[in-house]
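Fold and contact review
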Amino acid sequence: MKKLFSLLVISLFWFSAQAQTTAEIPAETTLPTLQNNNDLEDLQDYDVNELPWHARRFKFTAGAFFPLNNTQIQVGRNSTDTGTEIDLENDLGFSKSSVSFLSTFEWRISRRSRLGFEYFNLDRTSSKTLERDITFGDNTYNVNARVSAYFNVQIARIAYGYAFLSKPKYEAGLLIGSHVMFVDLGLRLEGEGQSLEYRDSFNFTAPLPDVGVWGEFVLGERFGLYVNANYLAVKIDNTDGRILSYNLSLLYNVHKNFSLTAGYTGLNFKIDTIRERLNGYLKWGYNGPTLSAAYTFGNHVKLYKH
């Protein structure tokens, strides 16, 4: 897994090195002035500083994510039968709705190349009286037992994007990247005395490469639209994974380099993994709205050929 992930990161930077030499538009230059050039006939008639989401060198975004979760797990011992398939929301009392923090950073390397980084974190806990017997890890938790559980996930992503279409009003291209997931989940029996308590936990790290498409569009003087979709199914060592993610975001430029974004994001994946003593299965999907703020900085990148 480490070799594949290292190769992926090296590939991303190799593609970046082959990208076109970046060119910058001075902040004081306006698009109406540039329209005197025949190559710029389709440029919109507003100051370039009013398009920070579309042409700045760097962009940082941070905000809140409100996902609806649907999670199934199955954890058993390698030497015995597999554990019980568990629905975290129905069987263990996890809330379907949650609130989380997310952040992204994007570097426009050149007119056509960009490198993006994303981070997402979600910690969930629950407590419930079981309505059926559940086998998880080394133990069986009997019906009517009171249990507490946790499900903590961190997701980091790196992605390289190349624009096959690069115009001042729109861009579209391909993405290659990888989600790296850090998963930690556990179940504990709550007894009246310490001697009655026992617990099981299961954690793993899974790099899941993906490929996809993206598009970015200027809708008006202060509005922009961004869309992307990614998918890949792959087996790496003892981890077999499938991932599908997507994002749709509408951006409103409040003032100069500051913008607000409202969107809808989803990620659905399935992972089978074998660890020492335990084997596990995890299927998780989260989909929901996002609200975030974006700050752009650095010089502008030309979105046309000389």
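Bear in mind that the values here come from a model prediction, so they are computed numbers and not experimental data.

Thoughts on the overall build of the protein
Summing up its helical and strand segments, the protein has four helices and 15 strands in all. Residue burial in the protein is summarised as follows: out of 306 residues, 48% are buried. Within the protein, residue pairs in contact and separated by at least 24 positions form 67% of the contacts whose partners lie at least 6 positions apart. Put simply, the protein shows about 15,000 Å² of open surface, and 56% of that area lies on carbon and sulfur atoms.

A word on the pairing of strand 10 (residues 170–189)
Of the strand pairs in this sheet, strand 9 (residues 146–166) and strand 10 are connected by 19 bridges, and their pairing is antiparallel. Across the sheet, residue N152 finds its bridge partner in strand 10, namely D184. The hairpin turn running from strand 9 into strand 10, its antiparallel successor, is three residues long. Here 19 bridges tie strand 10 to strand 11 (residues 199–218), and the two strands are oriented antiparallel to one another.

Some words on the environment of G161
By the secondary structure assignment, G161 is in strand 9. Classification of G161 as buried rests on a relative accessible area of 0%. In sequence terms G161 and R112 are 49 residues apart; their C-alpha atoms lie 8.0 Å from each other. Discounting residues that sit within four places of it in the chain, G161 has contacts with R112, S113, R114, L174, L175 and W214.

What counts and what doesn't
One numbering rule holds for all chains: residues counted from 1, following each sequence as written. A pLDDT threshold of at least 70 governs which residues receive local features in this predicted model, and a stricter bar of 80 or more applies before side-chain atom pairs are shown or counted, although totals over entire chains, interfaces and linings include all residues. Water and hydrogen atoms were dropped before computing side-chain values, which therefore reflect all heavy atoms in the structure. A run of H or I in DSSP counts as a helix once it spans at least four residues, and a run of E counts as a strand once it spans at least two, with each numbered from the N terminus. Three exposure classes are used, based on accessible area relative to the maximum for each residue type with a 1.4 Å probe and protein chains only: buried under 20%, partly exposed in between, and exposed over 50%. Contact between two residues is taken to exist if any of their heavy atoms lie within 4.5 Å; hydrogens are not considered. Calculation of accessible area relied on Shrake-Rupley with a 1.4 Å probe; when residues are assessed, cover is drawn exclusively from the protein chains displayed. By this definition, two strands are paired if DSSP reports at least two bridges between them.

Remember, this is a structural readout, not a statement about activity or role.
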